[in-house]
Amino acid sequence: MDLNSDLGEGFGAWRLGDDDAMTDLVSSANIACGFHAGDPRTLLATCERAVSKGVVIGAQVGYRDLPGFGRRFIDYETADLVADVIYQLGALDGLARAAGDRVLYVKPHGALYNAIVHHEQQAAAVIDAVRRYDPDLPVLGLPGSVFLHLAHEAGLRVVREAFADRGYRPDGTLVPRREPGALLHDPAEVAERMLRLVTDHTLVAVDGSVIKIEADSICVHGDSPGAVEMARAVHDALAGAGVPITAFSAAPA
């Protein structure tokens, strides 16, 4: 199972999360691209850290929204969103290459990630941008989303993602952050849920129902309170159950 985390989300003198500790635990790093977070110096250092620890670099593309941390919906024209995603991919890929590697996958961030679960126009724009930049790049998304469906139809490799530290609705979508049950904080609970996900492919939704979730990668948000403790608990629970922690991008397509 792949473990991923959102890294490089500081900006200038502002630091967010413990990227050093997280890169010791995860196999893939969703690195910000400067639009929702991350200045060039921070992003280069994050890429260098990932390379030094053998962690695969992914581009976490998002809305151009530094004040809102990319968590506010923006009604983009298609051409604008395509160009913005290509711009972010090129920027992070350049920094990754300078660090000794390259971008090996794409994961949308925040409001963009959630929007393209159902928003066909924006999902298609992101897919168009990825195909125009590098059609061999896999894309991460929510199982059952419009984004992954359209990406598969377009010939992209799709990677289904689950979230260790987020609550789920009965339909398999994430509980919005402003609603009760959206964020999980107990490392033991999170680890138990993810072990169940990997072994049984099920989770308990916020209403108590059991839902089916198929996932190739598990995300622990780097900016969550107690993120390192939760990531370590998930890592140790999977390793203890004999589940190898391996980047999905290293697996055959």
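Below you will find a few notes about this structure. (Residues numbered from 1 in each chain as written. Predicted model: local features only at pLDDT ≥ 70, side-chain atom pairs only at ≥ 80, totals over all residues. Heavy atoms only, no water.)

### Focus: the side chain of glutamate 9
Tracing the backbone through its elements, the reader meets glutamate 9 in the loop between strand E1 (2–7) and helix H1 (19–23). Within the buried core, glutamate 9 has no salt-bridge partner, and the shortest N-O distance to an opposite charge, that of arginine 71, equals 5.9 Å. Engagement of the side chain of glutamate 9 in a polar contact is seen with the side chain of histidine 36, the distance being 2.9 Å. Those residues in contact with glutamate 9 that sit more than four places away from it in its chain are Trp14, Leu16, Ala32, His36, Ala37, Gly38, Gln60, Phe69, His109 and Asp223. (Helix = DSSP H or I, 4+ residues; strand = E, 2+ residues; numbered from the N terminus. Buried < 20%, exposed > 50% of the residue type's maximum accessible area, 1.4 Å probe, protein only. Lys, Arg positive; Asp, Glu negative; His and termini not counted. Salt bridge = Lys/Arg side-chain N within 4 Å of Asp/Glu carboxyl O. Polar contact = N/O pair within 3.5 Å; in protein donor to acceptor, adjacent residues only side chain to side chain. Contact = heavy atoms within 4.5 Å.)

### A look at the pattern of salt bridges
Per the counting criterion, the structure on display carries 10 salt bridges. The closest approach of N and O atoms between glutamate 179 and arginine 169, which form a salt bridge, is 3.6 Å. Within this pair, whereas glutamate 179 is found in the loop between strand E6 (158–163) and helix H7 (187–200), its partner arginine 169 is found in the loop between E6 and H7, the two being separated by 10 residues in sequence. The exposure class of glutamate 179 is partly exposed, given its relative accessible area of 38%. Among the residues examined, arginine 169 registers a relative accessible area of 32% and is labelled partly exposed. Counted as one network, the salt bridges with shared partners bring together Asp6, Lys107 and Glu161.

### With respect to the pairing of E6
The side chains of a regular strand alternate between both faces of the sheet. Note: strand E5 (residues 139–141) against E6, 3 bridges, orientation parallel. If you follow valine 139 over to E6, its bridge partner there is valine 158. In this region the chain leaves E5, passes through helix H6 (residues 146–153) and returns to the parallel neighbour E6; the handedness of that crossover is right-handed. Here 3 bridges tie E6 to strand E9 (residues 217–219), and the two strands are oriented parallel to one another. Looking across to E9, one finds that alanine 162 is bridged to isoleucine 218. (Pairing = 2+ DSSP bridges. Right-handed = clockwise from strand over helix to strand, strands pointing away.)

### Regarding the pairing of strand E3 (residues 56–61)
Of all 6 residues in E3, 6 are buried, a share of seventy percent or more. Looking at chain direction, strand E2 (residues 28–32) and E3 are connected through 5 bridges and run parallel. Its bridge partner being in E3, serine 28 is matched across the sheet by valine 56. As a crossover connection, the stretch from E2 through helix H2 (residues 40–52) into E3 is right-handed. Direction of pairing for E3 relative to strand E4 (residues 105–108): parallel, over a ladder of 4 bridges. Counted as the bridge partner of glutamine 60 is lysine 107 from E4.

### Observations regarding helix H5 (residues 120–133)
In a regular helix each residue adds 1.5 Å, so 14 residues correspond to 20 Å; H5 covers 20 Å between its end C-alpha atoms and thus fits that length. Those residues of H5 that sit buried are Gln122, Ala123, Ala125, Val126, Ile127, Ala129 and Val130. Residues of H5 that are buried in the fold lie against helix H3 (78–98), E4, helix H4 (110–115), E5 and H6. (Expected span 1.5 Å × (residues − 1).)

### Overview of the packing of aromatic side chains
Evaluation of the coordinates by the stated rule reveals 5 aromatic pairs. Ring geometry for tyrosine 63 against phenylalanine 73: centres 6.1 Å apart, planes inclined by 85°, an arrangement best described as edge-to-face. In this pair, tyrosine 63 sits in the loop between E3 and H3 while phenylalanine 73 sits in the loop between E3 and H3, placing the two residues 10 residues apart along the sequence. Among the residues examined, tyrosine 63 registers a relative accessible area of 0% and is labelled buried. Between tyrosine 105 and phenylalanine 248, the aromatic rings sit 5.0 Å apart at their centres with planes inclined by 65°, giving edge-to-face as the arrangement. In this pair, tyrosine 105 is assigned in strand E4 and phenylalanine 248 in the segment after helix H8 (227–240), connecting sequence segments 143 residues apart. (Phe/Tyr/Trp six-rings, centres within 6.5 Å; stacked < 30°, edge-to-face > 60°.)

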